[in-house]
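Geometric and topological summary
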Amino acid sequence: MSETVGAEKHSFQTEVKQLLHLMVHSLYSNKEIFLRELISNAADAVDKLRFKSLDNADLIANDPDFRIRVTTDEKAGTITISDNGIGMTRDDLIANLGTIAKSGTAEFLSQLSGDQKKDSSLIGQFGVGFYSGFIVADKMSVISQAAGTDEAFEWSSAGEGEFEISEASRSGRGTDVVLHLKESEKEFLGDWRLRSIISKYSDHISVPVEMLKPAQPAEEGEEPEPSTEFEAVNKATALWTRGKSDISDDEYQEFYKHISHDFAEPMCWAHNKVEGKQEYTSLLYIPKNAPYDLWNRERARGVKLYVQRVFIMDDAEQFLPIYLRFVRGVLDSNDLPLNVSREILQDSSVTQSLKNACVKRVLTLLEKQAKNSPEDYQHFWSQFGNVLKEGLGEDFANKDAIAGLLRFASTENDTDKQTVSLSDYIGRMKDSQDKIYYIAAESFATAKNSPHLEVFRKKGIEVLLMFDRIDEWALSHLSEFDGKKLVSITQGDLDLGDLEDEAEKQEREKAEKESQPLVERFKEALGEQVKDVKVTHRLTDSPACVVSPEGDMSAQMARLMAAAGQEMPEIKPVFEFNPEHPLVKRASEQQEADFSEWALLLFDQAMLAESGSLKDPGSFTRRLNKLLLK
Ligand code: ADP
Ligand code: MG
């Protein structure tokens with residue numbers, strides 16, 4: 001530790017400077033949240049010390065009652081938030097209040113647009129935390145003494161690039177955060193104003209938040225006597241321990257904001273107390289909007305874990321699978337030991353059964369939401385649908401429940417809106433239909449305009465249109481739903497089963513026989529490029545298409561794996577042609593040299609429609625131009 005007496009200047013990390021600037025300029029319509037953030041930090045500090053004192057009771061022996069105090073000094077124009085929590089050492093002050101440790105901060109900052117409304121909701125998701133004090137203060141100082149030490153330090157800053165650290169004194173462990181209010185923000189000194197903000201944001205915090213009792217009414221002609229006694233302003237009971245019927249929606253929503261740092265209300269929540277063999281309380285929330293870093297696999301996720309109402313850890317990811325990483329909430333278990341660590345959690349059978357229970361709760365909650373508020377669910381799907389799909393591959397036990405929550409675009413309405421559930425699809429199936437048909441492609445347009453759809457459109461059979469990168473992979477884990485097989489229409493022999501009538505079948509067989517010589521000519525011309533050549537019965541308007549061979553990886557999947565850097569063996573497609581098509585007829589009239597040009601052209605066209613690109617586009621254009629000139 002340095003020996004410096006007096007102030008020592010430090011510079012903020014660049015990201016802090018940017019965030020400070022943006023925050024002050026975009027959150028001015030919601031200024032009071034600074035108090036929520038600072039009280040929330042004080043409560044966290046108390047929780048941390050309470051946890052640490054389980055092992056080391058000496059830490060709190062001389063001051064065992066935890067509390068947070070909010071006081072004001074009218075003359076100095078300051079509000080002070082004091083706690084007797086864990087406190088910070090000199091190094092802690094520098095690290096915690098001089099940098100932002102969150103991953104993806106730089107990326108987050110680059111997303112801010114300068115549009116105040118948009119930015120304020122983004123900043124809300126990011127969690128403004130300690131620095132929000134600068135929305136109302138032009139100077140902040142923090143005097144802190146870490147529990148178990150006897151030296152205190154002061155951090156102070158005007159929020160403009162630099163902060164100072166100096167030695168200080170404090171009567172014991174804990175932290176005072178002093179806000180020197182801007183001239184324009186003096187209204188926050190009002191006793192009533194502060195009390196109403198505290199009860200709005202902090203009722204559910206389990207630590208009492210105290211303020212001085214109001215001054216005693218004065219005798220005739222005397223100054224009122226200022227009080228020296230403190231009283232709790234918040235309810236100070238952990239929200240989840242209260243009965244459901246005692247908790248208002250507002251309280252649930254406020255609590256969500258406290259644990260998630262999200263400014264928006266949650267979409268819905270489930271609060272359950274379980275007694276008996278297992279005893280726990282869970283309060284799980286589904287957010288409305290995806291956080292800015294949803295796709296960052298490293299991002300903190302999971303629930304806040306309590307054991308017998310004692311805070312144990314944030315972001316306990318052991319209780320929710322990755323595909324439910326958007327869920328926020330609290331889990332309070334009576335069955336885990338108080339000294340539980342992440343390592344113990346990992347191997348505990350209690351963890352496993354709590355995890356199973358949490359997953360069921362979330363999936364049931366989503367099911368209810370889909371049924372009761374389809375519009376909200378649609379919004380949820382747009383935000384988190386692709387994350388939920390990961391569950392098909394990751395959570396075998398709950399596959400059916402997850403499948404029931406999926407939504408797809410479909411030829412039923414031919415828009416890219418993903419609104420059709422598998423049950424909707426089954427409800428509309430033709431009497432003679434026993435399969436769920438889908439196509440997975442690079443984009444909505446490729447899917448919707450795929451030649452593979454021709455026969456389905458002609459027969460009026462609905463096909464689900466998939467065009468999210470994850471679809472093909474996710475669907476490869478779902479072979480059936482509700483007893484109906486899911487079938488990709490671009491893969492393998494198309495078996496329409498009873499959807500094809502006897503006359504059609506005979507006609508097809510006849511065409512196949514008659515076109516056998518042409519099949520041989522195509523095989524000769526296309527050679528190594530194809531696995532097989534067949535007469536199609538998928539096409540009505542197009543001359544040809546390519547199909548992924550049955551049992552092989554589909555073309556779309558192969559592209560995905562290749563894009564992910566996987567070494568892929570080349571998958572040769574099956575070439576299917578439509579002998580009735582005028583272009584195919586024309587080709588068949590050519591001499592062998594010309595026929596092979598035509599065959600290659602038809603093949604490249606089919607590849608282009610399937611994948612949007614060609615291995616050798618130059619030769620394709622040359623061939624096309626040559627034919628156009630003829
Ligand atoms: P967050 O609370 O999301 O971690 P904040 O910006 O609110 O982010 O706070 C930054 C860090 O500063 C906290 O993680 C904590 O380590 C430290 N801190 C802030 N306030 C206090 C306090 N009252 N007591 C102890 N540590 C604190
Ligand atoms: Mg905080």
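Residues numbered from 1 in each chain as written. Chains lettered and ligands numbered in written order. Predicted model: local features only at pLDDT ≥ 70, side-chain atom pairs only at ≥ 80, totals over all residues. Heavy atoms only, no water.

With respect to the overall build of the chain
When you go through the chain residue by residue, the secondary structure sums to 21 helices and 22 strands. The globule rule puts the C-alpha radius of gyration for 630 residues at 25 Å, and the 33 Å found for the chain is more than 25% above it. By its C-alpha atoms, the chain is 115 × 55 × 45 Å across when sized along the principal axes. Sequence separation of 24 or more characterises 71% of the internal contacts of the chain that already satisfy a separation of 6 or more. Carbon and sulfur atoms make up 47% of the accessible area of the chain, which amounts to about 30100 Å² in all. (Helix = DSSP H or I, 4+ residues; strand = E, 2+ residues; numbered from the N terminus. Rg over C-alpha atoms; globule rule 2.2 N^0.38 Å. Contact = heavy atoms within 4.5 Å. Areas by Shrake-Rupley, 256 points an atom, 1.4 Å probe, with all protein chains shown as cover.)

Quick word on the site of ligand 1
Neighbouring ligand 1 are Asn-41, Ala-42, Ala-45, Lys-48, Asp-83, Met-88, Asn-96, Leu-97, Gly-129, Phe-130, Thr-175 and His-261. Taking Asn-41, its side chain carries an N or O atom lying 2.8 Å from an oxygen atom of ligand 1. Within the side chain of Asn-96, an N or O atom sits 3.1 Å from an oxygen atom of ligand 1. The element best represented in the shell around ligand 1 is helix H2 (residues 33-52), accounting for four residues. The class makeup of the residues in the shell around ligand 1 is five nonpolar, five polar and two charged. (Near = heavy atom within 4 Å. Polar contact = N/O pair within 3.5 Å; in protein donor to acceptor, adjacent residues only side chain to side chain. Nonpolar A, V, L, I, M, F, W, Y, C, P; charged D, E, K, R; others polar.)

Structural notes on the nonpolar core
Counting 78 residues, the largest nonpolar core has Ile-286, Leu-305, Phe-326 and Leu-388 as the members making the most contacts within it. At nine residues, helix H9 (residues 349-372) tops the list of elements feeding residues into this core. Looking at which domains feed residues into this core, each of domain 2 (241-374) and domain 3 (407-489) gives three or more. Filtering out sequence-adjacent residues up to four positions away, Phe-326 remains in contact with Tyr-285, Ile-286, Pro-287, Leu-294, Phe-380, Phe-384, Val-387 and Leu-388. (Core = buried A, V, L, I, M, F, W, Y, C linked by side-chain atoms within 4.5 Å. Buried < 20%, exposed > 50% of the residue type's maximum accessible area, 1.4 Å probe, protein only. Domains from an automatic or database assignment.)

Topic: the sheet that holds strand S8 (residues 209-212)
Across the sheet, nine strands lie side by side as S1-S6-S5-S4-S7-S3-S2-S8-S9; this open sheet has mixed pairing. In this open sheet, the two edge strands, each paired with only one partner strand, are strand S1 (8-11) and strand S9 (230-232). Across the sheet, the axes of successive neighbouring strands diverge by a mean angle of 25°, strand direction being ignored. Summarising the sheet, strand S2 (residues 68-73) and strand S3 (residues 78-83) pair through six bridges and their orientation is antiparallel. Within S3, the position partnered with Ile-68 by the bridge is Asp-83. The sheet strands contacting helix H3 (residues 90-98) are S1, strand S4 (137-145), strand S5 (152-157) and strand S6 (162-168), and the helix crosses S6 at an angle near 160°. (Pairing = 2+ DSSP bridges. Axes fitted to C-alpha atoms, helices over the stretch in contact; angles between N-to-C directions.)

Focus on helix H17 (residues 516-526)
Those residues of H17 that sit buried are Leu-518, Val-519, Arg-521, Phe-522 and Leu-526. Along the axis of H17, the buried residues cluster in a sector spanning 160°; they form a single face. Opposite the buried face of H17, at more than 90 degrees from it, the exposed residues are Pro-517 and Glu-524. Once H17 finishes, Gly-527 follows within two positions and takes phi at roughly 50°, a positive value. (Arc of directions from axis to C-beta.)

A closer look at a negative patch on the surface
Side chains of Glu-219, Glu-220, Glu-222 and Glu-225 sit close together on the surface and give a patch of like negative charge. Along the chain, Glu-219 falls in the loop between S8 and S9. What makes Glu-219 exposed here is its relative accessible area of 60%. (Patch = residues over 30% accessible without salt bridge, like charges linked within 9 Å, V, L, I, M, F, W, Y side chains within 5 Å. Salt bridge = Lys/Arg side-chain N within 4 Å of Asp/Glu carboxyl O. Lys, Arg positive; Asp, Glu negative; His and termini not counted. Charge placed at Lys NZ, Arg CZ, Asp CG, Glu CD.)

Overview of the sheet that holds strand S16 (residues 435-440)
A sheet is described by the order of its strands in space; here five strands give the open sequence S15-S17-S16-S19-S18, paired in mixed fashion. Two strands in the sheet have a free side with no partner beyond their single neighbour: strand S15 (409-410) and strand S18 (480-481). Relative to strand S17 (residues 464-466), S15 runs antiparallel, the two sharing two bridges. By the bridge assignment for S17, Ala-409 is matched with Leu-465.

Thoughts on the domain arrangement of the chain
Domain annotation of the chain identifies domain 1 (5-237), domain 2 (241-374), domain 3 (407-489) and domain 4 (504-629). Each of domain 2 and domain 4 was reduced to a C-alpha centroid, and the two centroids are 52 Å apart.

What about the packing of H9 against helix H10 (residues 374-394)?
Running from N to C, H9 and H10 cross one another at 140°; their axes reach a closest spacing of 8 Å. By the angle class used here, H9 and H10 are oblique. For the crossing formed where H9 meets H10, the hand is left-handed. Facing H9, whose interface residues are Leu-366, Gln-369, Ala-370, Lys-371 and Asn-372, H10 presents Pro-374, Asp-376, Tyr-377, Phe-380 and Leu-388. Split into classes, the residues belonging to the contact of H9 with H10 amount to six nonpolar, two polar and two charged. (Parallel < 35°, antiparallel > 145°, perpendicular 65-115°, else oblique. Left-handed = near helix turned anticlockwise from the far one by under 90°.)

Observations regarding the packing of aromatic side chains
For the coordinates displayed, the defined rule picks out 23 aromatic pairs. With a centroid separation of 5.8 Å and 25° between ring planes, the pair formed by Trp-155 and Phe-163 is classed as stacked. We note that Trp-155, like Phe-163, is buried. The lysine or arginine in question, Arg-69, covers the ring of Phe-230, its NZ or CZ lying 3.9 Å from the ring centre. The aromatic ring of Phe-595 is capped on one face by Arg-521, whose charged end is 4.2 Å from the ring centroid. (Phe/Tyr/Trp six-rings, centres within 6.5 Å; stacked < 30°, edge-to-face > 60°. Lys NZ or Arg CZ within 6 Å of the ring centre and 35° of its normal.)

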